[in-house]
Structure formats: C-alpha cells, structure tokens
Amino acid sequence: QVQLVESGGGLAQPGGSLGLSCAASGSIFNIVGMGWYRQGPEKQRYVVAAVTTPGSANYYADSVKGRFTISADFAKKTVYLQMNSLKPEDTAVYYCQLGTSWGQGTQVTVSS
C-alpha cells in the first residue's frame, strides 16, 4: 500500500508564495509520475504539475507555468510544489497523486 501525506498550504496574499510537500511511504520504489492536482468549488480535479523521469522536463498546466515549480527528492520519496506569484484563482484543495493513491488534500487560499 502506498500512503501520500501532504503538508503545507494555508493562506497567502495575491503575489505571495506557498510551498507544498508530499511524502510517499509504503510499497513504492520511486515517485516518477507523482503529480499535484487541485480541486476548486466546481469539484473537478485538474492536474497542476507532475514529476517525470530525471533529466526530462516536468509537466505543468498552462495556468501555472512560470509560477509553480515541482521538484522531487527521490531518495526521500518526497515531491514539492513551490507556488509563487499566487493568484486568487489558485485557490483550491491541492492533492498529491501517484497511480491510484491520493493524499488527503491541503487547502490553499489566495485572497487579499
């Protein structure tokens, strides 16, 4: 079984920054393919960013390119999402995902 535990999140002002972490444990060898999704009031989850094979470019949704950075510590089985230049439309519950496993979600709120 794979467990994913997010940390971080909270309240930020527009233009501010927040950092999220997701630690994986259990039956997992690597975190290639691990991604971040977000779910707003419409309840639809959208992929935000995902880790790819080392040496390859990570995936980013167009809405966050240039503002968010996903990074990974493969030895620690931890993926991070650094969110800069936050906008109110970034407000959502952010979920870590790998395969069929999901984290519990962490709330990110961006408001003045």
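Use the structure listed above.
Summarised in this report is the structure supplied together with it. (Residues numbered from 1 in each chain as written. Predicted model: local features only at pLDDT ≥ 70, side-chain atom pairs only at ≥ 80, totals over all residues. Heavy atoms only, no water.)

### Brief notes about the state of the cysteines
Phase 1 of the analysis: Summed over the entire model, instances satisfying the criterion amount to one disulfide.
Phase 2 of the analysis: One disulfide bridge connects Cys22 with Cys96, the sulfur atoms lying 2.0 Å from each other. Here the disulfide of Cys22 and Cys96 is left-handed, its torsion about the S-S bond being about -85°. Of this pair, Cys22 sits in strand S3 (residues 18-26) while Cys96 sits in strand S9 (residues 92-98), placing them 74 residues apart in sequence.
Phase 3 of the analysis: The class for Cys96 is buried, based on a relative accessible area of 0%. (Disulfide = S-S within 2.5 Å. Helix = DSSP H or I, 4+ residues; strand = E, 2+ residues; numbered from the N terminus. Buried < 20%, exposed > 50% of the residue type's maximum accessible area, 1.4 Å probe, protein only.)

### What to know about the sheet that holds strand S8 (residues 78-83)
Phase 1 of the analysis: Judged by pairing direction, the sheet is antiparallel, and its four strands sit side by side in the order S1-S3-S8-S7 without closing on themselves. Strand pairing shows two members of the sheet lacking a second neighbour, strand S1 (2-8) and strand S7 (68-73), which therefore form its edges. Direction aside, the axes of adjacent strands within the sheet are offset by 15° on average.
Phase 2 of the analysis: Bridge analysis of S1 against S3 gives seven bridges, and the strand direction is antiparallel. Among the inter-strand pairings, Glu6 is bridged to a residue of S3, identified as Cys22. (Pairing = 2+ DSSP bridges. Axes fitted to C-alpha atoms, helices over the stretch in contact; angles between N-to-C directions.)

### Side note on the pairing of S3
Phase 1 of the analysis: As judged from the six bridges shared by S3 and S8, these two strands associate in the antiparallel manner. The residue bridging Gly19 from the neighbouring strand is Gln82, located in S8.

### Overview of the pattern of salt bridges
Phase 1 of the analysis: Counted according to the given criterion, the structure contains three salt bridges.
Phase 2 of the analysis: With its nearest N and O atoms 3.0 Å apart, the salt bridge here joins Asp62 to Lys65. Taken individually, Asp62 and Lys65 each receive the classification exposed, so the pair is uniform in this respect.
Phase 3 of the analysis: What emerges from the salt-bridge pattern is a single network uniting Arg38, Arg67 and Asp90. (Salt bridge = Lys/Arg side-chain N within 4 Å of Asp/Glu carboxyl O.)

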